[in-house]
Amino acid sequence: MTDSPTPMPQWPVADFDPVRRLHVIAATAPGAARIGETVLGAPFERVWALAQDLERTMPLWIPDVRTVRLDRPAPSGSLPTTSLRARIHGHTRLRATFGIDLAPGWCLMQSRLVLGGMAARPETDRTTRFAFLGGLRFPGARLLAPALRPFTGDPLARFAALLEEEQDEE
Amino acid sequence: MQEPPPGLAELVRSAQGGDQLAVGRLLDLITPYVRRLCGPIALDDGADATQEALIVVFRKLRQLQDPAALYGWVRAIAVREAVRCANRAARSRPAELGEVPAPGDPQLAADIRDVLSRLSPAHRAVLLMRDLEGLDERQTAALLAVAPGTVKSRLSRARLSFRKAWQQ
């Protein structure tokens, strides 16, 4: 019989999640970025299925977005990060091409002037923490902070209402 | 420490230039390493420590001149932020052990979390740098911004002191 080698210690690894990651982006992005978060009364899969359906749902809950046209369909399911491009038109002057990174629980998008993001993680089996970020990417944007209000003011409430509405329809 | 993946230099340069998609991808790349550093030092406050360390990393990213030095630079920030975060959270939980267990001590493998919870955050950092990152006393001292003698004293007489506490 041989001596078994001393097992390697299992060092603890810190928890982390996409919502915290979006807070890192919000805290470090140049220009001005605002983040808000809420806990939604639906499981993660349901919340993210709605959130990642960018072409259909973004105009329904992000106030200044009228149409979203992706260069190809967004993948559904649990693929790792996918890079997309989208042409987004707003009700006001927003008219821009966005680069988008999309993964389960994570979406970050930027045009030349605008930064947007959303992140989600399961809070419990039946609830989900959901965060939304809106920002302007140019120097001095902080002076325009009031201009961010339509972008970050009530989208979370609108998203929660949309989620409830679609749950009722099922 | 990690080997830099291909394309890292270009990703760092894009992130330094304000490309937020590059920042997101760089975050993806370094977060696992930061979690492994902050977990053993900050324990239950590991998630907060990871978030704070990453915020400091990306606030200071323009100061990083050589992208190949990214992981060493991130390590220095993460360890300091984890110690700071754990000290702030641990004021009400005094450490029981005055010394760091010796290399290869079987108790480290048996229940490292219990050992870590009985050390101060700075002692956990010394243990982590020595056993997981393979740093010597001089390198650890530089990383923690303390005198080399301080690291040496934290590591010395370890086994006896550790054993006593363990057996109580």
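Up top is the structure.
Quick caveat, the model's predicted, so the values are computed rather than measured.

1. Observations regarding the overall build of chain B
Item 1. Helix and strand content of chain B: 10 helices and zero strands.
Item 2. Going from N to C terminus, chain B has its helices and strands arranged as α-α-α-α-α-α-α-α-α-α.
Item 3. Taken over 168 residues, chain B has a buried fraction of 54%.
Item 4. Of the contacts formed within chain B by residues at least 6 apart in sequence, a portion of 70% connects residues at least 24 apart.
Item 5. For chain B, the accessible surface area stands at approximately 7,800 Å², while carbon and sulfur atoms represent 48% of it.

2. Brief notes about the overall build of chain A
Item 1. When its secondary structure is counted, chain A shows five helices and seven strands.
Item 2. Secondary structure elements of chain A, listed N to C terminal, follow the sequence α-β-α-α-β-β-β-β-β-β-α-α.
Item 3. Looking at the 170 residues of chain A, the share that counts as buried comes to 48%.
Item 4. Sequence separation of at least 24 residues holds for 54% of the intrachain contacts in chain A that already meet a minimum separation of 6.
Item 5. For chain A, the exposed surface amounts to about 8,900 Å²; the carbon and sulfur share of it is 52%.

3. Focus on unusual backbone geometry
All names here are of chain B.
Item 1. In this structure, L43 takes a positive phi of about 50° despite not being glycine.
Item 2. When you line up the elements, L43 lands in the loop between α2 (20–42) and α3 (46–59).
Item 3. Classification of L43 as buried rests on a relative accessible area of 15%.
Item 4. Phi angles above zero are rare outside glycine, and A145 is one such case at about 55°.
Item 5. Turning to its location among the elements, A145 is positioned in the loop between α8 (137–144) and α9 (148–155).

4. Quick look at the sheet that holds strand β6 (residues 114–122) of chain A
All names here are of chain A.
Item 1. Strand order in this open sheet of seven strands is β1-β7-β6-β5-β4-β3-β2, and the pairing throughout is antiparallel. Each edge of the open sheet is held by one strand with a lone partner, namely β1 (32–40) and β2 (65–70). If you compare each strand with its neighbour and ignore which way they point, the axes differ by 20° on average.
Item 2. As defined by bridge partners, β1 adjoins strand β7 (residues 128–136) across nine bridges and the pair is classed as antiparallel. Residue pairing in the sheet places L40 in a bridge with T128 of β7.
Item 3. Across the sheet, helix α3 (residues 54–61) is in contact with β2, β3 (82–90), β4 (95–103), β5 (106–110), β6 and β7; its angle to β2 comes to roughly 165°.
Item 4. Here helix α5 (residues 155–169) sits on the sheet in contact with β1 and β7, set at roughly 35° to β1.

5. Topic: the packing of helix α1 (residues 18–28) of chain A against α3(B)
Two packed helices can be described by the angle between their axes and the distance between those axes.
Item 1. Where α1(A) contacts α3(B), the axes come no closer than 9 Å and their chain directions differ by 30°. Judged on the interaxial angle alone, α3(B) and α1(A) are roughly parallel. Relative to α3(B), α1(A) is oriented so that their crossing is right-handed. Only A47(B), D48(B), Q51(B), L54(B), I55(B), F58(B) and R59(B) of α3(B) make contact with α1(A), whose side of the interface consists of R20(A), H23(A), V24(A), A27(A) and T28(A).
Item 2. Residues belonging to the contact of α1(A) with α3(B) are distributed by class as follows: six nonpolar, three polar and three charged.

6. Points about the environment of L116(B)
Item 1. Within the secondary structure, L116(B) sits in helix α6 (residues 112–117).
Item 2. It is 7.7 Å that separates the C-alpha atoms of L116(B) and I41(B), two residues lying 75 residues apart in sequence.
Item 3. Not counting the four nearest positions on each side in its chain, L116(B) is found in contact with W11(A), P12(A), P40(B), L43(B), R124(B) and L127(B).

7. A closer look at the interface of chain B and chain A
Item 1. Opposite the 34 residues of chain B that make contact, chain A presents 30 residues.
Item 2. Where chain B abuts chain A, roughly 2,700 Å² becomes buried across the two surfaces, and 67% of that area is made up of carbon and sulfur atoms.
Item 3. At the junction of chain B with chain A, the criterion picks out three salt bridges.
Item 4. For R21(A), the salt bridge goes to D28(B), with nearest N and O atoms at 3.0 Å.
Item 5. Put simply, chain B and chain A have 11 residue pairs in polar contact (both at pLDDT 80 or more) between them.
Item 6. Those elements that place two or more of their residues in the side of chain B that touches chain A are α2, α3, α5 (106–110), α6 and α7 (121–131) of chain B.
Item 7. If one sorts the elements of the side of chain B that touches chain A by residue count, α2(B) sits on top with 13 residues.

8. Regarding the environment of P9(A)
Item 1. Here P9(A) shows up in the segment before α1.
Item 2. P9(A) sits in the buried class, given a relative accessible area of 18%.
Item 3. If sequence neighbours within four positions are ignored, P9(A) has contacts with L108(B), A109(B) and I112(B).

9. With respect to the environment of G46(B)
Item 1. You can see G46(B) is positioned in helix α3.
Item 2. Among the residues examined, G46(B) registers a relative accessible area of 1% and is labelled buried.
Item 3. The spatial distance from the C-alpha of G46(B) to the C-alpha of R35(B) is 7.3 Å, given a sequence separation of 11 residues.
Item 4. In this structure G46(B) touches A14(A) and C38(B), once residues within four positions along its chain are discounted.

Scoring rules and cut-offs
Residues numbered from 1 in each chain as written. Chains lettered and ligands numbered in written order. Predicted model: local features only at pLDDT ≥ 70, side-chain atom pairs only at ≥ 80, totals over all residues. Heavy atoms only, no water. Helix = DSSP H or I, 4+ residues; strand = E, 2+ residues; numbered from the N terminus. Buried < 20%, exposed > 50% of the residue type's maximum accessible area, 1.4 Å probe, protein only. Contact = heavy atoms within 4.5 Å. Areas by Shrake-Rupley, 256 points an atom, 1.4 Å probe, with all protein chains shown as cover. Pairing = 2+ DSSP bridges. Axes fitted to C-alpha atoms, helices over the stretch in contact; angles between N-to-C directions. Parallel < 35°, antiparallel > 145°, perpendicular 65-115°, else oblique. Left-handed = near helix turned anticlockwise from the far one by under 90°. Nonpolar A, V, L, I, M, F, W, Y, C, P; charged D, E, K, R; others polar. Buried area = accessible area lost by both parts, 1.4 Å probe. Salt bridge = Lys/Arg side-chain N within 4 Å of Asp/Glu carboxyl O. Polar contact = N/O pair within 3.5 Å; in protein donor to acceptor, adjacent residues only side chain to side chain.

Structural measurements only, silent on function.
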